[in-house]
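# Observations on the model geometry
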Amino acid sequence: MSSPHVSPRPGPPSPRRLLPPGLLFALPFLVLFAVFMLWPLGQGLWMALTDRALSAHAPSFIGLDNFSEAFGDAEMWRSLWHTVLFTLISTVPLVVVALGMALFVHTGLPGQWVWRLAFFAPYLLPVGVVGLLWLWLYQPDLGVYNHLLGAVGLDKVAWLSDESVALWAIALTTLWWTVGFNFLLYLAALQSIPDHLYEAAAIDGAGAWRRLFSITLPQLGRITTVITVLQLLASLKVFDQVYLLTRGGPNNSTRPVVEYIYDVGFTGYRLGYASAISYIFFALVLLASAVQFAVLRRREK
C-alpha cells in the first residue's frame, strides 16, 4: 500500500521576494549612505543641542542656546561675509578665464597637448604644494611678484599681511590652482558643438565674432550653468588655501566661516557651539542652492 504524497514544507522566502529588485541593487549604497551621511548628520545635530566640549565632563542638553548665541555672534557673521566676498571675487574669474582658455586652445593651435597639460596641471597639485609655492611667490622681500613690481618702479605689496589685499591674493591663488578643471569642462563642451552650425554660418558670411556670440556662447549655456553652480558651492566651502596662506589673518580679515568653525571647535574646544554654526552655514548653502535651481528652471522655461 503506497504512502500518501506529502508536499515539502515551504522554505523561507528569498530576499528577492521580500524586496523589489531595484531596492536590492540600491541597498549597498543606502547602507553606506546611512552610515556615513545620515548617522553623522544626526549626531552633529544632537551635538549642536548640547554643550559638548573637548573635555572629560559629560555633555548636557541645552536646547537651542547654541543657535541663539550663534545668531548674535558678530565674529561668525564677519567670517560668513568673508566667505561670501571670496565667493564673489573668485567665481567670476574662474568661469570667464576658463572659458577664454578653452576658446584659445580650441582654435587649433599647434602643440595642443602642451597647452592642455599646462592649463590643467596645477589642478592636480595637492593643496599643501600650492600653499608652499604661493607663499614663496608672495614673499615681501624675495617673492617674484614684488621683484617684478620693483623692476617697473612700483612699490612692494604686502600680499598676505595687508587686510585690503590678502583676500584678493588668496583668490588669485585659487584661480591658478583650480581653473584647469573648468577649462577641461569647457573644452569638452566646445568639442561637442556640431560642425554644421559653423559651416552654415560661414556660408551666410558670419565672421568669427558673430559665430562666437551667435553659436558658441549659446551652445555653452548649459555647461556654463553647471560650472557656475559647482564653483559657487566650492568657493563657499573654502578653507585649505586660506588656512595655509594666512591662517585667517591679518586680524581675521580673511577667515572664512569654515575656519571659524574649526577654530571654535578645536581651538576653543566648544564642539556643540561649532556644530550649531556649521548647521546654520549648511542651511544657508541649501538656501543658496535652492535659489540657483529656481533661477535655472525659470531660464529653461
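Residues numbered from 1 in each chain as written. Predicted model: local features only at pLDDT ≥ 70, side-chain atom pairs only at ≥ 80, totals over all residues. Heavy atoms only, no water.

## Some remarks on the overall build of the protein chain
- Broken down by element type, the protein chain carries 14 helices and 0 strands.
- In the protein chain, the succession of helices and strands from N to C terminus is α-α-α-α-α-α-α-α-α-α-α-α-α-α.
- Structurally, the protein chain occupies a C-alpha span of about 110 × 70 × 35 Å along its principal axes.
- When each of the 301 residues of the protein chain is scored for burial, the buried share is 35%.
- Contacts in the protein chain between residues far apart in sequence, at least 24 positions, make up 65% of those at least 6 positions apart.
- A total of about 18900 Å² of accessible surface is found on the protein chain, and carbon and sulfur atoms cover 69% of it.
- Charge-centre separation for the protein chain: the mean point of 18 positive side chains lies 15 Å from the mean point of 16 negative side chains. (Helix = DSSP H or I, 4+ residues; strand = E, 2+ residues; numbered from the N terminus. Buried < 20%, exposed > 50% of the residue type's maximum accessible area, 1.4 Å probe, protein only. Contact = heavy atoms within 4.5 Å. Areas by Shrake-Rupley, 256 points an atom, 1.4 Å probe, with all protein chains shown as cover. Lys, Arg positive; Asp, Glu negative; His and termini not counted. Charge placed at Lys NZ, Arg CZ, Asp CG, Glu CD.)

## Section: the environment of Val-152
- On the secondary structure map, Val-152 appears in the loop between helix H7 (144-151) and helix H8 (166-191).
- Judged by its relative accessible area of 59%, Val-152 is exposed.
- For Val-152 and Phe-293, which are 141 residues apart along the polypeptide, the C-alpha to C-alpha distance reads 47 Å.

## Re the packing of helix H4 (residues 74-106) against helix H5 (residues 112-120)
- Contact pair H4 / H5: the axes reach a minimum separation of 10 Å and the direction vectors enclose 165°. The angle between H4 and H5 falls in the class roughly antiparallel. The handedness of the crossing between H4 and H5 is left-handed. Contacts between H4 and H5 involve Met-101, Phe-104 and Val-105 from the first element and Gln-112, Trp-115, Arg-116 and Phe-119 from the second.
- The residue makeup of the contact of H4 with H5, split by class, is 5 nonpolar, 1 polar and 1 charged. (Axes fitted to C-alpha atoms, helices over the stretch in contact; angles between N-to-C directions. Parallel < 35°, antiparallel > 145°, perpendicular 65-115°, else oblique. Left-handed = near helix turned anticlockwise from the far one by under 90°. Nonpolar A, V, L, I, M, F, W, Y, C, P; charged D, E, K, R; others polar.)

## With respect to the packing of aromatic side chains
- Per the counting criterion, the structure on display carries 20 aromatic pairs.
- When the ring of Tyr-243 is compared with that of Tyr-262, the centres are 5.7 Å apart and the planes differ by 75°; the resulting orientation is edge-to-face. With Tyr-243 in helix H12 (residues 240-245) and Tyr-262 in helix H13 (residues 257-267), this pair connects stretches of sequence that are 19 residues apart.
- With relative accessibility at 33%, the residue Tyr-262 sits in the partly exposed group.
- Three or more aromatic residues joined by ring pairs form one cluster here, namely Trp-134, Tyr-138, Tyr-145, Trp-159 and Trp-176.
- Directly above the ring of Tyr-243 sits Arg-247, whose terminal nitrogen or CZ lies 4.4 Å from the centroid. (Phe/Tyr/Trp six-rings, centres within 6.5 Å; stacked < 30°, edge-to-face > 60°. Lys NZ or Arg CZ within 6 Å of the ring centre and 35° of its normal.)

## Observations concerning the nonpolar core
- Ala-102, Val-179, Phe-183, Tyr-186, Leu-220 and Ile-223 are the most contacted members of the largest nonpolar core, which totals 21 residues.
- Contributions of two or more residues to this core are made by H4, H8 and helix H11 (221-236).
- Once residues within four sequence positions are removed from consideration, Tyr-186 is found in contact with Val-95, Ala-98, Leu-99, Ala-102, Leu-220, Ile-223, Thr-224 and Ile-227.
- If you look at the next biggest cluster of nonpolar residues, it comprises 19 residues, including Met-76, Tyr-273, Tyr-279 and Phe-281. (Core = buried A, V, L, I, M, F, W, Y, C linked by side-chain atoms within 4.5 Å.)

## A word on the pattern of salt bridges
- Applying the stated criterion across every chain, the model contains 5 salt bridges.
- A salt bridge links Glu-69 to Arg-270, with the nearest nitrogen and oxygen atoms 3.0 Å apart. Of the two residues, Glu-69 sits in helix H3 (residues 65-71) while Arg-270 sits in the loop between H13 and helix H14 (271-300), which places them 201 residues apart along the sequence.
- Glu-69 gets classed as partly exposed once you look at its relative accessible area, which sits at 35%.
- Classification of Arg-270 as partly exposed rests on a relative accessible area of 35%.
- Between Asp-263 and Arg-255 there is a salt bridge whose closest N-O contact spans 3.0 Å. An identical accessibility class is assigned to Asp-263 and Arg-255; each is buried.
- A cluster of three or more residues bridged by salt bridges with shared partners is formed by Glu-75, Arg-78, Arg-255 and Asp-263. (Salt bridge = Lys/Arg side-chain N within 4 Å of Asp/Glu carboxyl O.)

## Looking at the packing of helix H6 (residues 127-137) against H8
- Axis separation between H6 and H8 bottoms out at 11 Å; the angle between their running directions is 130°. Judged by the angle between their axes, H6 and H8 are oblique. The two elements H6 and H8 cross, and the hand of that crossing is right-handed. On the side of H6, the interface is formed by Val-127, Val-130, Leu-133 and Trp-134, while H8 contributes Leu-172, Thr-173, Trp-176 and Trp-177.
- Looking at the contact of H6 with H8 residue by residue, the classes come out as 7 nonpolar, 1 polar and no charged.

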